[in-house]
Amino acid sequence: MSWLVLVISGVLEAVWATAMGKSEGFSRLGPSAVFAVALIASMAGLAYAMRDLPTGTAYAVWVGIGATLTVVYAMLTGEESASLVKVLCIVAVVGGVIGLKSAG
């Protein structure tokens, strides 16, 4: 259960990071509200997962999922350029997350 909650929390990290970027310095209400709700839920899920999982592993997986989804979303929407090097680096992050899950 802790791993499932951790993955969902990682997805929510990508949501709040994207919403923060779209909030224009918290001057737009909608994205600012999405940011706040997703941030609280993401942190609560991370804290829950850390009751059963090692802190370092849980945090690395959470960040890896959030960072990967954030940059993939930005590339798919055209907000960030895509390149072979970026894609390979994302694959490396995903591989690291899978490795941490497999080892733990």
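Shown above is the structure to which this text applies.
Residues numbered from 1 in each chain as written. Predicted model: local features only at pLDDT ≥ 70, side-chain atom pairs only at ≥ 80, totals over all residues. Heavy atoms only, no water.

Draft legend 1. Highlighting the nonpolar core. Core analysis: the largest hydrophobic core is formed by 14 residues, its most contacted members being Leu6, Leu53 and Val61. Mapped onto this core, the elements with two or more residues apiece are α1 (2-22), α2 (29-49) and α3 (55-76). (Core = buried A, V, L, I, M, F, W, Y, C linked by side-chain atoms within 4.5 Å. Buried < 20%, exposed > 50% of the residue type's maximum accessible area, 1.4 Å probe, protein only. Helix = DSSP H or I, 4+ residues; strand = E, 2+ residues; numbered from the N terminus.)

Draft legend 2. Local environment of the environment of Glu79. With respect to the helices and strands, Glu79 occurs in the loop between α3 and α4 (84-103). Given a relative accessible area of 51%, Glu79 falls into the exposed group.

Draft legend 3. Representation of α2 in the model. Compared with the 30 Å implied by 1.5 Å per residue over 21 residues, the 30 Å span of α2 between its first and last C-alpha is a close match. Taken as a whole, α2 has its buried residues at Pro31, Ser32, Phe35, Ala38, Ser42, Gly45, Leu46 and Ala49. Buried residues of α2, seen end-on, are gathered within an arc of 165 degrees and therefore sit on one face of the element. Among the exposed residues of α2, those pointing more than 90 degrees away from its buried face are Leu29, Val37 and Ile40. Those residues of α2 that are buried are in contact with α1 and α3. (Expected span 1.5 Å × (residues − 1). Arc of directions from axis to C-beta. Contact = heavy atoms within 4.5 Å.)

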